[in-house]
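This is what each chain is made of:
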Number of protein chains: 2
Amino acid sequence: MSQRTVFFVSDGTGITAETFGNAIMAQFEIKARYIRLPFVDSVDKAHQAVRQINHTAEIEGRRPIVFTTVVNMDILAVIKTHCTGMLLDMFGTFVAPLEEELGSKSNHRVGRFSDASKSKEYDERIEAINFSLAHDDGQSHRDLQGSDVILVGVSRSGKTPTSLYLAMQHGLKASNYPLIPEDFDRHQLPPALVPHRKKIFGLTISPERLAQIRNERRPNSVYASLANCRNEIHEAEAMMRREGIRWLSTTSKSIEEIATTILQEIRPERLDY
Amino acid sequence: MSQRTVFFVSDGTGITAETFGNAIMAQFEIKARYIRLPFVDSVDKAHQAVRQINHTAEIEGRRPIVFTTVVNMDILAVIKTHCTGMLLDMFGTFVAPLEEELGSKSNHRVGRFSDASKSKEYDERIEAINFSLAHDDGQSHRDLQGSDVILVGVSRSGKTPTSLYLAMQHGLKASNYPLIPEDFDRHQLPPALVPHRKKIFGLTISPERLAQIRNERRPNSVYASLANCRNEIHEAEAMMRREGIRWLSTTSKSIEEIATTILQEIRPERLDY
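The structure presented is a predicted model; accordingly, all values stated were derived computationally and were not measured. (Residues numbered from 1 in each chain as written. Chains lettered and ligands numbered in written order. Predicted model: local features only at pLDDT ≥ 70, side-chain atom pairs only at ≥ 80, totals over all residues. Heavy atoms only, no water.)

The next point concerns the pairing of strand β4 (residues 86-89) of chain A. Within a regular strand, side chains alternate between the sheet's two faces. Residues and elements named next belong to chain A. Sheet analysis places strand β3 (residues 65-68) next to β4, joined by 4 bridges and oriented parallel. Within β4, the position partnered with V66 by the bridge is L87. Crossover handedness for the path β3 to helix α3 (residues 73-82) to β4: right-handed. (Pairing = 2+ DSSP bridges. Helix = DSSP H or I, 4+ residues; strand = E, 2+ residues; numbered from the N terminus. Right-handed = clockwise from strand over helix to strand, strands pointing away.)

Below, the structure is given as structure tokens:
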């Protein structure tokens, strides 16, 4: 177990460097401190970043790990020349073989998130977020057919974060619709959902975890009691089985894993674009 | 300009491979088709992925580009041995030098998004999303002091998507509060905001872009007219200048760029963890 400082240096947001660097570092059992240095987009700022990295190296007596996605050659040159950290040049490593394979030079364009706001894809993403907000928790039955996916499940099973993630990251118009005791009494899918069966995906959760989450909201209520959670989950799963609705348990899954599974099941074309 | 198929192959969600691969491919002016293959977590599924990649190679007469973040050695071996695509082994490339640098072996742990739901960080993220939803568009003045950041700006300046992104990706309790004509008439910051000045960040936008966005919602209204948008933006920027509020223009910025700038200004510790 060693203590290390890890820098993510980028001329854009640094999100790519951070995502990738975190995934790599998760492969090691070390305690690390992480510092993202975004918008290092001038030679001056490069010198400033280098000073910070080299100062850390001196203080800690160990060279920091530096993941960089800087694409501007002048800025990268400053870092390569002066930085005393261990430099992992993520783009440089892969761009050269790709240039050969593709028979074309790279354009050293900064930041895949740049200028995004002008694109059609970006507008769709914003529209999807607004749609998902308007259709959160069964708020609006109107335009339910405009949904790309409709999440169903009992209260607090993870529908809202998942639908917002699908909207924000994938531009998917994701509605969500609660399954409530009245639906279980009727032994039927809520009537508003029936015409949209193909777009429905169910979320379930372990009763223990559900009781824990609900207790944070409404401590010691019937709503949050383990007995009630067990009953609601039992009914919801029975309904989903009966209606042939695809579903998964969110208990030990991250939003990213849940969202990826839903895409595979309901919108496979969003993984193939 | 060549047409290529690019695969992202992962034993987890494939989000890391996709984020990084897209950033690399954005460096080239080529038309490409992108296919994410998530959850390739068994030798069987590896053979299936290889068949799909090799089939694409045959049909297109060009080897596909394959970004992989597979960490399981048996699964990776299948891909390395049988895949006819150009394999870019993202983890393999960097893990070996890091093992040497850190003096420890990598643990080949799958997916940084895995088991996340059990972690404290994950719970905070869900709580932040719920907080931001409850404090969207000035809905609740209660607990405004519980906010990590409060976004202000005129209607449709980008507050809602930005606050949800900050909550979802950074676990930040982000409220947002609209600046409305009544505030401009009073020539004062909304009273509810005054005690929280340090947490406030302003969003502005070009009047032309604002009019375009508002017209999609309420075509030909006074609200959406260019004259009204010009006036509101003029008043909002004057107020932010007068009150010493930090702000940026969202006109040509992506949510990721806006969020990163806000973190730098209001919560620099979130870039250093």
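So that's the structure; there's more coming.
According to the domain assignment, chain A consists of domain 1 (3-102) and domain 2 (117-271). A C-alpha centroid distance of 39 Å is found between domain 1 of chain A and domain 2 of chain A. (Domains from an automatic or database assignment.)

All names here are of chain A. Across the sheet, 4 strands lie side by side as β2-β1-β3-β4; this open sheet has parallel pairing. Either end of the sheet is taken by a strand with one partner, and the two such strands are β2 (31-37) and β4. Adjacent strand axes in the sheet meet at a mean angle of 20° when their direction is disregarded. Bridge count for strand β1 (residues 3-9) against β3 is 4 bridges, and the pairing is parallel. Across the sheet, residue V6 finds its bridge partner in β3, namely I65. Sheet strands touched by helix α2 (residues 43-60): β1, β2 and β3. Its angle to β1, the strand with the most contacts, is close to 175°. (Axes fitted to C-alpha atoms, helices over the stretch in contact; angles between N-to-C directions. Contact = heavy atoms within 4.5 Å.)

The subject of this paragraph is the packing of helix α8 (residues 207-217) of chain A against helix α9 (residues 226-243) of chain A. Residues and elements named next belong to chain A. Interhelical geometry of α8 versus α9 gives an angle of 125° and a closest axis separation of 9 Å. Judged by the angle between their axes, α8 and α9 are oblique. Crossing handedness for the pair α8 and α9: right-handed. Contacts between α8 and α9 involve P207, E208, L210, A211 and R214 from the former and L226, N228, C229, R230, E232 and I233 from the latter. Looking at side-chain class alone, the contact of α8 with α9 contains 6 nonpolar, 1 polar and 4 charged residues. (Parallel < 35°, antiparallel > 145°, perpendicular 65-115°, else oblique. Left-handed = near helix turned anticlockwise from the far one by under 90°. Nonpolar A, V, L, I, M, F, W, Y, C, P; charged D, E, K, R; others polar.)

Another point: the pattern of salt bridges. Pairing is possible between side chains that carry opposite charge, provided their charged atoms lie close to one another. Tallying each qualifying case throughout the model produces 35 salt bridges over all chains. With a closest N to O distance of 3.0 Å, R4 of chain A and E101 of chain B form a salt bridge. With one member in each of two chains, R4 of chain A in strand β1 and E101 of chain B in helix α4 (residues 90-102) form a pair that bridges those chains. Looking at R4 of chain A, the relative accessible area reads 6%, which means it is buried. Look at E101 of chain B and you get buried, because its relative accessible area is 18%. Between R63 of chain A and E101 of chain B there is a salt bridge whose closest N-O contact spans 2.6 Å. Here R63 of chain A is found in the loop between α2 and β3, whereas its partner E101 of chain B is found in helix α4 on a different chain. Overlapping salt bridges bring together D148, R267, E269 and R270 of chain B as one network. (Salt bridge = Lys/Arg side-chain N within 4 Å of Asp/Glu carboxyl O. Buried < 20%, exposed > 50% of the residue type's maximum accessible area, 1.4 Å probe, protein only.)

Attention now goes to the nonpolar core. Ranked by internal contacts, the top residues of the largest apolar core, which has 49 residues, are V149 and I262 of chain A together with V149 and I262 of chain B. Excluding anything up to four places from it in sequence, I262 of chain B contacts V149, L151, T162, L166, F201, L203 and R267 of chain B. Core analysis: the second largest hydrophobic core is formed by 42 residues, F28, M86 and F94 of chain A together with F91 of chain B among them. (Core = buried A, V, L, I, M, F, W, Y, C linked by side-chain atoms within 4.5 Å.)

When chain A is fitted to chain B, the residual RMSD is 0.0 Å, and the transformation amounts to a turn of 180° plus an axial shift of 0.0 Å. Here the copies are linked by what is in effect a two-fold axis. Taking the C-alpha atom as reference, chain A places F20 of chain A closest to the rotation axis, 3.3 Å from it. A shared binding surface is used by both copies, with 100% of the interface residues of chain A retained as interface residues in chain B. (Least-squares fit on C-alpha atoms with pLDDT ≥ 70 in both.)

Facing the 87 residues of chain A at the interface are 87 residues of chain B. Looking only at chain A, the three residues that lose the most surface to chain B are Q27, F94 and Y273 of chain A, adding up to 10% of its buried area. Connecting chain A to chain B are 10 salt bridges. Across the salt bridge formed by R125 of chain A and E256 of chain B, the nearest N and O atoms sit 2.7 Å from each other. Tallying contributions element by element places helix α4 (residues 90-102) of chain A first for the side of chain A that touches chain B, with 10 residues. Here the residues of the side of chain A that touches chain B sort into 40 nonpolar, 23 polar and 24 charged. (Buried area = accessible area lost by both parts, 1.4 Å probe.)

With that settled, the discussion passes to the environment of S42 of chain A. Structurally, S42 of chain A is set in the loop between β2 and α2. On the basis of relative accessibility, which here comes to 25%, the residue S42 of chain A falls in the partly exposed class.

A few words now on the UniProt feature "binding site: ADP" (unreviewed entry) in chain A. Residue and element names in this part refer to chain A. The sites that carry the UniProt feature "binding site: ADP" (unreviewed entry) are, in the present numbering, G153, V154, S155, R156, S157, G158, K159 and T160. Structurally, the position occupied by V154 is in the loop between β5 (149-153) and α6 (159-170). Judged by its relative accessible area of 1%, V154 falls in the buried class. Ignoring anything within four residues of it in the chain, the contact list for V154 reads K159, L179, F184, L210, R214, E232, I233 and A236. Turning to its location among the elements, S157 is positioned in the loop between β5 and α6. (UniProt positions renumbered as here; feature names shortened; annotations may be inferred.)

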